[in-house]
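If you want the building blocks of each chain, they are given just below.
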Amino acid sequence: MPSFYQFQSPRNHQLLADPETTFKQWEYRSCPAGGTHPKSGRRIGPLHYTVKHNNREEHIIWGPQITVHVTVVERLEREGFTGFRTQPARVSFLDGGISDQYKEFTVTGWAGVVRPESGMRVLESCSGCLWKNYGPIADFDNVIDWDQWTGEDFFFVWPLTGHRLCTERAAKWLEVSGIRSFCLGQGFESLQREKRSLNFGIPRGPLSSVLPEDLAIKYGKSLGLE
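The paragraphs below set out a description of the structure included in this document. From a predicted model like this one, the values you see are computed outputs, not experimental measurements.

Analysis parameters
- Residues numbered from 1 in each chain as written.
- Predicted model: local features only at pLDDT ≥ 70, side-chain atom pairs only at ≥ 80, totals over all residues.
- Heavy atoms only, no water.
- Helix = DSSP H or I, 4+ residues; strand = E, 2+ residues; numbered from the N terminus.
- Rg over C-alpha atoms; globule rule 2.2 N^0.38 Å.
- Buried < 20%, exposed > 50% of the residue type's maximum accessible area, 1.4 Å probe, protein only.
- Areas by Shrake-Rupley, 256 points an atom, 1.4 Å probe, with all protein chains shown as cover.
- Lys, Arg positive; Asp, Glu negative; His and termini not counted.
- Charge placed at Lys NZ, Arg CZ, Asp CG, Glu CD.
- Pairing = 2+ DSSP bridges.
- Axes fitted to C-alpha atoms, helices over the stretch in contact; angles between N-to-C directions.
- Salt bridge = Lys/Arg side-chain N within 4 Å of Asp/Glu carboxyl O.

1. What to know about the overall build of the protein chain
Piece 1. Along the backbone of the protein chain there are five helices and 15 strands.
Piece 2. The C-alpha atoms of the protein chain give 18 Å as radius of gyration, which agrees with the globular expectation for 226 residues (17 Å, within 12%).
Piece 3. Principal-axis analysis of the C-alpha atoms places the extent of the protein chain at approximately 45 × 40 × 35 Å.
Piece 4. For the protein chain, the residues scored as buried account for 47% of the 226 residues in total.
Piece 5. Roughly 11,700 Å² of accessible area belongs to the protein chain as shown, and the carbon and sulfur atoms make up 49% of that amount.
Piece 6. Of the charged side chains in the protein chain, 26 are positive and 26 negative; the average position of the first set lies 4 Å away from that of the second.

Below, the structure is given as structure tokens:
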């Protein structure tokens, strides 16, 4: 089994995007088939985060999605890291200033669906749309089927889309890169510490809610997840 790390937000909440202004960028729709499960959401327009500081050089800003400074993107690309796509994003600072020197960073590497040997299963599903609720995990050593992994440096396993992963090569470079505003946890150790949070399930809509459409079709169509 390859060594891997969870690439996650820092513990300093002052560096996170303001949740209220982030929420306003999303539209929520009820199930077209009349299902009573929670509404599905999709962001309207390019990502625009608001933060509670004035550091125009902050490397990474975390929210439901990730924004990274353009200098970080350039360095990642120069190192040849794979498994991500970027698109323009904006950041508003505490003093009202707005920067367009950021990119939305979408992890696109694919490690398939959580293995049934992990204990995770579908708790609820909607026959009228692609909404499902998954959980919990009993065996964290059996989460990833490495035969499904695309081999990219940044990746995730469905439905754990909020737990972005990276290879040991990427993690070791990040540790010495001088890039700020992130944490690394080996394997799923941080998720294991909080595994009770999975007892209530992980609700997920279609794969296209977290991946570009072409990749959602590529990876999800045969699985009924696209």
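2. Examining the sheet that holds strand 15 (residues 202-204)
Piece 1. The three strands lie next to each other as 10-11-15, forming an open sheet whose pairing is antiparallel. Each of the sheet's edge strands pairs with one partner strand only, and the pair in question is strand 10 (121-125) and strand 15. Along the sheet, successive strands turn relative to each other by an average axial angle of 30 degrees, direction set aside.
Piece 2. Direction of pairing for strand 10 relative to strand 11 (residues 132-135): antiparallel, over a ladder of four bridges. Bridge pairing in strand 11 links Ser125 to Lys132.

3. A closer look at the pairing of strand 14 (residues 183-186)
Piece 1. Side chains Cys183 and Gly185 of strand 14 all project onto a buried face; the interleaved residues Leu184 and Gln186 project onto a face where none is buried.
Piece 2. Summarising the sheet, strand 1 (residues 4-8) and strand 14 pair through four bridges and their orientation is antiparallel. Looking across to strand 14, one finds that Phe7 is bridged to Leu184.

4. As for the pattern of salt bridges
Piece 1. Taken as a whole, this structure holds seven salt bridges when the rule is applied.
Piece 2. Asp95 serves as the salt-bridge partner of Arg56, at 3.0 Å between the closest nitrogen and oxygen. Of the two residues, Arg56 is situated in the loop between strand 4 (47-50) and strand 5 (60-62) and Asp95 in the loop between strand 7 (84-92) and strand 8 (98-107); the sequence distance between them amounts to 39 residues.

Function cannot be read off these values alone, since they describe shape.
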